[in-house]
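Now for the letters of each chain:
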Amino acid sequence: MDIIPLPAFRDNYIWLLHDGHHALVVDPGDAAPVEEALERLGLSLKAILVTHWHADHVGGLARLLARWAVPVFGPAAETIEGVSKHLREGDEVRLAEPAVTFRVMDVPAHTAGHIAFVGIDLEPGVVFCGDTLFSAGCGRLFEGTPAQLASALAKLAALPADTRVYCTHEYTLSNLAFARAAEPDNPERDAYALDCIARRERGEPTLPSTIGRERAINPFLRADRPGVIDAVAGHSGERPTDALACLAALRAWKDRF
């Protein structure tokens, strides 16, 4: 099984998973990159996964469905035209072609019904997490609350450390710039930043990351750490009383960073 990024718009990735013959795509905001990749690789589209309703994740559905009569799996708590299989926490997506199974995780925060797809029969594991978790960052709270964000991130952080994180934006370098402000002393983060800079200079994606790496370098998964709490207190002039307050302050700080 291979997973490849299809760049779209300014900084989106549409993820294409295939077995050499059959393919599924995740969050096709634009149909054109999908069509080009399927033709170039000689693949047959068998399914589409959608994490949330934003246009840069679903804008290509109509055009793809006009050509391929395939199931579209998406969040039950959001109204998305074209979604035919509505999913909630604990549901499973079982595909024969390509042969893969996903467990659905509710991760509302960025949007009210956002879901993630956790590959439960791939080694190492994978998670398609949309805009909830980014490498060194997380999504804005457009429809959710800090408490929902904390819950969503905790679910993702509890996945095995080698789980590959397939988020949908190339935000890593800008997130790392904020991460340096939010936790000044983190050598592992600094080493990762150098690697990501080199990747981008070669024209390569910084993704996927891993859950283990994100636990070590992502300030939004480290809101209980003294260094992050100290940085938030220094920025805001008020010391967070707990990890949730620190996370909320981090997200507000990042919104204006």
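Before going into details, it helps to say that this report is about the structure given with it. From a predicted model like this one, the values you see are computed outputs, not experimental measurements.

**Section: the layout of surface pockets**
The gaps of empty space that remain are located by a probe, the size of a water molecule, rolled over the atoms.
Argument step 1. Roughly 400 Å³ of volume is contained in the largest pocket.
Argument step 2. For the largest pocket, the lining is made up of 19 residues, of which Phe134, Arg140, Tyr171, Arg251 and Lys254 are closest to its centre.
Argument step 3. Looking at the lining of the largest pocket, the elements that each hand over two or more residues are α5 (172-182) and α9 (243-256).
Argument step 4. Here the lining of the largest pocket gets three residues from one element, more than from any other, and that element is α9.
Argument step 5. Taken together, the residues that form the lining of the largest pocket break down as five nonpolar, six polar and eight charged.
Argument step 6. Roughly 170 Å³ of internal volume is contained in the second largest pocket.
Argument step 7. In terms of lining residues, the second largest pocket is bounded by Ala150, Leu153, Ala154, Ala157, Phe220, Leu221, Ala223, Asp224, Ala243, Leu244 and Leu247.
Argument step 8. Contributing elements (two or more residues each) for the lining of the second largest pocket: α4 (146-157) and α9.
Argument step 9. With four residues, α4 is the largest single contributor of residues to the lining of the second largest pocket.
Argument step 10. In the lining of the second largest pocket, the residues fall into 10 nonpolar, no polar and one charged.

**Comments concerning the side chain of glutamate 35**
Argument step 1. In this structure, glutamate 35 sits in helix α1 (residues 31-41).
Argument step 2. Only 2.5 Å separates the side chain of glutamate 35 from the side chain of arginine 63, close enough to count as a polar contact.
Argument step 3. The residues touching glutamate 35, leaving out its near neighbours within four places in the chain, are Arg63, Leu64, Arg67 and Trp68.

**With respect to the pairing of strand β2 (residues 12-18)**
Argument step 1. Within β2, seven of the seven residues are buried, which leaves it mostly tucked inside the rest of the structure.
Argument step 2. Residues of β2 alternate between two faces, with Asn12, Ile14, Leu16 and His18 on one and Tyr13, Trp15 and Leu17 on the opposite face, all of them buried.
Argument step 3. Sheet analysis places strand β1 (residues 2-8) next to β2, joined by seven bridges and oriented antiparallel. Across the sheet, the residue bridging to proline 5 is tryptophan 15, located in β2.

**Thoughts on unusual backbone geometry**
Argument step 1. With an omega dihedral of -10°, the bond running from glutamate 97 to proline 98 counts as a cis peptide bond.
Argument step 2. Examined against the element boundaries, proline 98 turns out to sit in the loop between β7 (92-96) and β8 (99-106).
Argument step 3. Glutamate 123 connects to proline 124 through a cis peptide bond whose omega is -10°.
Argument step 4. Tracing the sequence through the fold places proline 124 in the loop between β9 (115-119) and β10 (126-130).

**Observations regarding the environment of alanine 152**
Argument step 1. By the secondary structure assignment, alanine 152 is in helix α4.
Argument step 2. We classify alanine 152 as buried; its relative accessible area is 2%.
Argument step 3. The spatial distance from the C-alpha of alanine 152 to the C-alpha of histidine 22 is 31 Å, given a sequence separation of 130 residues.
Argument step 4. Setting aside its immediate chain neighbours within four residues, alanine 152 contacts Val107, Pro108 and Thr132.

Each value, and the rule that gives it
Residues numbered from 1 in each chain as written. Predicted model: local features only at pLDDT ≥ 70, side-chain atom pairs only at ≥ 80, totals over all residues. Heavy atoms only, no water. 1 Å grid on protein atoms, 1.4 Å probe; cavity = no way out; pocket = protein on both sides within 12 Å on 5 of 7 lines; lining within 4 Å. Points joined across faces, edges and corners; volume = space filled by probe spheres on them. Helix = DSSP H or I, 4+ residues; strand = E, 2+ residues; numbered from the N terminus. Nonpolar A, V, L, I, M, F, W, Y, C, P; charged D, E, K, R; others polar. Polar contact = N/O pair within 3.5 Å; in protein donor to acceptor, adjacent residues only side chain to side chain. Contact = heavy atoms within 4.5 Å. Buried < 20%, exposed > 50% of the residue type's maximum accessible area, 1.4 Å probe, protein only. Pairing = 2+ DSSP bridges.

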